[in-house]
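Understanding the architecture of this molecule
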Amino acid sequence: MSLFTEIDHVAIAVKDLDAAVAYYRDTFDCEVAHREVVERDGVEEVLLKVADSYVQLLTPIRDDSPVAKFLEKKGEGIHHVGYRVADCAEALERVKAAGHQVLDEAPRPGSRGTTVAFVHPKGALGTLIELVQE
Ligand code: CMX
Ligand code: CO
């Protein structure tokens, strides 16, 4: 069985959070389920609920935010995929044991009370992966 139980969210880096929310609302009738400033990551996020998953709209709140760097380099677009796991620490150990580079040595708090850890995009086929435990 897969360590991933569900897709938790697809994160999209945007320059203007309110404009992005309006786009998803006006075009696809998506409603805001959650909005939060995550100081540690230097981002503000909005979660739009899609069935049991979310679209996570992300915008930087500081110039040194990883999302600010991303926007500068690549422009707006898909930033990472968050996969739901039953046990974030166990999933992270699996990644490390397989010799892949991680960004978080141990699980840490994410938004809306989740526990998360990031896997480095370089060791993950160019995709930034977030392991999300609810
Ligand atoms: N997806 C794919 N590749 C990415 C990436 C992303 N989101 N962000 C950076 N990269 C690539 C860059 O293109 C670059 O590749 P090259 O070396 O080939 O040019 C390389 O990774 C290094 O990028 P960088 O711009 O020099 O940026 P940093 O090394 O300073 O940071 C990273 C990259 C992934 C470590 C950083 O973005 C990070 O710490 N991310 C995890 C935390 C995070 O994203 N938090 C915000 C979300 C919060 C949430 O979801 O709750
Ligand atoms: Co995320």
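Our focus in this paragraph is a positive patch on the surface. Residues K69, K73, K74 and K122 make up a contiguous surface patch of positive charge. On the secondary structure map, K122 appears in the loop between β7 (115-119) and β8 (129-133). Judged by relative accessible area, which is 71%, K122 ranks as exposed.

Here we come to the environment of G82. In this structure, G82 sits in strand β5 (residues 77-85). Take G82: its relative accessible area is 0%, and that puts it in the buried class. For the pair G82 and T59, spaced 23 residues apart in sequence, the C-alpha to C-alpha distance is 16 Å. In contact with G82, other than residues within four places in its own chain, are I7, D8, H9, E130 and V132.

What surrounds ligand 1 is a group of 17 residues, the closest being D41, K69, H79, H80 and K122. K69 places a side-chain nitrogen or oxygen 2.7 Å from an oxygen atom of ligand 1. K73 places a polar side-chain atom, nitrogen or oxygen, 3.3 Å from an oxygen atom of ligand 1. Protein contacts shield 74% of the accessible area of ligand 1, which totals 960 Å² for the unbound molecule. Here ligand 1 occupies the largest pocket. When residues of the shell around ligand 1 are traced back to their parent elements, those giving at least two are β4 (53-60), α2 (66-74) and β5. Among the elements that take part in the shell around ligand 1, α2 stands out by supplying five residues, more than any other. In terms of residue class, the shell around ligand 1 is made up of seven nonpolar, four polar and six charged.

Thresholds applied
Residues numbered from 1 in each chain as written. Chains lettered and ligands numbered in written order. Predicted model: local features only at pLDDT ≥ 70, side-chain atom pairs only at ≥ 80, totals over all residues. Heavy atoms only, no water. Patch = residues over 30% accessible without salt bridge, like charges linked within 9 Å, V, L, I, M, F, W, Y side chains within 5 Å. Areas by Shrake-Rupley, 256 points an atom, 1.4 Å probe, with all protein chains shown as cover. Salt bridge = Lys/Arg side-chain N within 4 Å of Asp/Glu carboxyl O. Lys, Arg positive; Asp, Glu negative; His and termini not counted. Charge placed at Lys NZ, Arg CZ, Asp CG, Glu CD. Helix = DSSP H or I, 4+ residues; strand = E, 2+ residues; numbered from the N terminus. Buried < 20%, exposed > 50% of the residue type's maximum accessible area, 1.4 Å probe, protein only. Contact = heavy atoms within 4.5 Å. Near = heavy atom within 4 Å. Polar contact = N/O pair within 3.5 Å; in protein donor to acceptor, adjacent residues only side chain to side chain. 1 Å grid on protein atoms, 1.4 Å probe; cavity = no way out; pocket = protein on both sides within 12 Å on 5 of 7 lines; lining within 4 Å. Sits in = over half its atoms within 2 Å of the grid points. Nonpolar A, V, L, I, M, F, W, Y, C, P; charged D, E, K, R; others polar.

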